[in-house]
Amino acid sequence: MGHHQLDTLDEQILKLIAGNARIPFLEVARACNVSGAAIHQRIQKLTALGVLKGSEYIIDPEKIGYETCAYIGIYLKDPSTFDAVLKALEAIPEIVECHFTTGKYDMFIKLYARNNHHLLSIIHDKLQPLGLSRTETLISFHEAIKRQMPIQMEDEEE
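Scope of this entry: the structure provided in the associated data block.

The rules we used
Residues numbered from 1 in each chain as written. Predicted model: local features only at pLDDT ≥ 70, side-chain atom pairs only at ≥ 80, totals over all residues. Heavy atoms only, no water. Helix = DSSP H or I, 4+ residues; strand = E, 2+ residues; numbered from the N terminus. Rg over C-alpha atoms; globule rule 2.2 N^0.38 Å. Buried < 20%, exposed > 50% of the residue type's maximum accessible area, 1.4 Å probe, protein only. Pairing = 2+ DSSP bridges.

### Observations concerning the overall build of the protein chain
A count of helical and extended segments in the protein chain gives 6 helices and 4 strands. Traced from its N-terminal end to its C-terminal end, the protein chain shows the element sequence α-α-α-β-α-β-β-α-β-α. Here the C-alpha atoms of the protein chain give a radius of gyration of 20 Å, more than 25% beyond the 15 Å that 2.2 N^0.38 yields for 158 residues. With respect to the principal axes defined by its C-alpha atoms, the protein chain has extents near 55 × 35 × 30 Å.

Structural data, given as structure tokens:
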């Protein structure tokens, strides 16, 4: 998975849209001193390269009744069940992320539950039947930092 060499215009565009994904292309064009068509073409290029992975509205889980955020380290009984467990995890709507990891866990997931009772239900009724060896759960009290990767020009890094 190589990285793509970005030019100065690409980096300017990424900085602007990372700060506000809904910024109009014409406003980006004015800030970059190029045409709107040039911005549109660059956005298409960055999307085709996989640098940009689309845009989305982000739902605040707490605002819709999901007050508990938990991270769960999963130990598999049998490593050959990775694919089946992944497929089963994809079917659990409360799970919003799943990572294959190094270290002590085989998989690491992030999920949202309405409360601790709901979290217990997810673990007991949805995760344990998957044939897991065991799980370790961490509850997040508060997300202190969440941000995009910084876009830095090469001369800024030094």
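Now that the structure has been shown, the text picks up again.
### A word on the pairing of strand β1 (residues 68-76)
Each regular strand displays side chains that alternate between the two surfaces of the sheet. Counting buried positions along β1 gives 8 out of 9 residues, so the element sits mostly inside the fold. Relative to strand β3 (residues 107-113), β1 runs antiparallel, the two being bridged by 7 bridges. Across the sheet, Thr 68 pairs through a bridge with Ala 113, a residue of β3. Of the strand pairs in this sheet, β1 and strand β4 (residues 132-140) are connected by 8 bridges, and their pairing is antiparallel.

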